[in-house]
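# Close look at the chain arrangement
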Amino acid sequence: MDQYKSARAEAEHTAALLRAALRRAGIPEYEAARVHPMVTRNGRAYVEIGALSIGSAAKLLNALPLALEASS
């Protein structure tokens, strides 16, 4: 149970950081809210990113430094 709690805390923290980064990138709150923490039965932490509109996906790509390097 401790492994689950630790993984859940890590997933929640990372999801919150990602939601904040999405908001800073100009993605509307209702789309940033689609980011959710997940923990599998075996205790692996994940962050699920829900569907984004094309405009928001473009904003996210522009905010990612690696996206700029790949397009050069």
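Below, the structure is looked at part by part. Computed from a predicted model, the values in this text were never measured in an experiment.

We now examine the overall build of the chain. Tallying secondary structure elements over the chain gives four helices and two strands in all. Element order for the chain, N to C, with α for helix and β for strand: α-α-β-β-α-α. Against the 2.2 N^0.38 benchmark of 11 Å for 72 residues, the chain shows a C-alpha radius of gyration of 14 Å, more extended than a compact globule. Counting only C-alpha atoms and orienting by the principal axes, one finds that the chain spans roughly 45 × 25 × 15 Å. Counted over contacts in the chain with a minimum sequence separation of 6, partners at least 24 positions apart contribute 46%.

Turning our attention to the nonpolar core. Listed in full, the five residues of the largest apolar core are Ala15, Leu22, Ile27, Ala32 and Val35. The residues touching alanine 15, leaving out its near neighbours within four places in the chain, are Val35, His36, Pro37 and Val47.

Along any regular strand, the residues point their side chains to alternate faces of the sheet. When strand β1 (residues 35-39) meets strand β2 (residues 45-49), the two strands line up antiparallel, connected through five bridges. Counted as the bridge partner of proline 37 is valine 47 from β2. Here β1 folds back onto β2, and the loop between the two strands holds five residues, one of which, glycine 43, carries a positive phi near 90 degrees.

A word on the pattern of salt bridges. Think of it this way: side chains of opposite charge can pair up when their charged atoms draw near. Counted by the stated rule, this structure contains three salt bridges. The shortest N-O distance in the salt bridge between arginine 8 and glutamate 12 comes to 2.9 Å. You can see arginine 8 and its partner glutamate 12 sitting in helix α1 (residues 2-24), four residues apart, about one turn around the helix. Between arginine 23 and glutamate 29 there is a salt bridge, with its nearest N and O atoms 3.2 Å apart.

Our focus in this paragraph is the side chain of glutamate 31. You can see glutamate 31 is positioned in helix α2 (residues 29-32). Of the polar contacts made by the side chain of glutamate 31, one reaches the side chain of serine 56; its length is 2.3 Å. The residues contacting glutamate 31, other than those within four sequence positions of it, are Ala51, Leu52, Ser53 and Ser56.

The end-to-end C-alpha separation of α1 is 33 Å, in line with the 33 Å expected for 23 residues at 1.5 Å each. Among all positions in α1, only Ala7, Ala11, Ala15 and Leu22 are buried. Remark: glycine 26 follows α1 within two positions and exhibits a positive phi of approximately 95 degrees.

Basis of the calculations
Residues numbered from 1 in each chain as written. Predicted model: local features only at pLDDT ≥ 70, side-chain atom pairs only at ≥ 80, totals over all residues. Heavy atoms only, no water. Helix = DSSP H or I, 4+ residues; strand = E, 2+ residues; numbered from the N terminus. Rg over C-alpha atoms; globule rule 2.2 N^0.38 Å. Contact = heavy atoms within 4.5 Å. Core = buried A, V, L, I, M, F, W, Y, C linked by side-chain atoms within 4.5 Å. Buried < 20%, exposed > 50% of the residue type's maximum accessible area, 1.4 Å probe, protein only. Pairing = 2+ DSSP bridges. Salt bridge = Lys/Arg side-chain N within 4 Å of Asp/Glu carboxyl O. Polar contact = N/O pair within 3.5 Å; in protein donor to acceptor, adjacent residues only side chain to side chain. Expected span 1.5 Å × (residues − 1).

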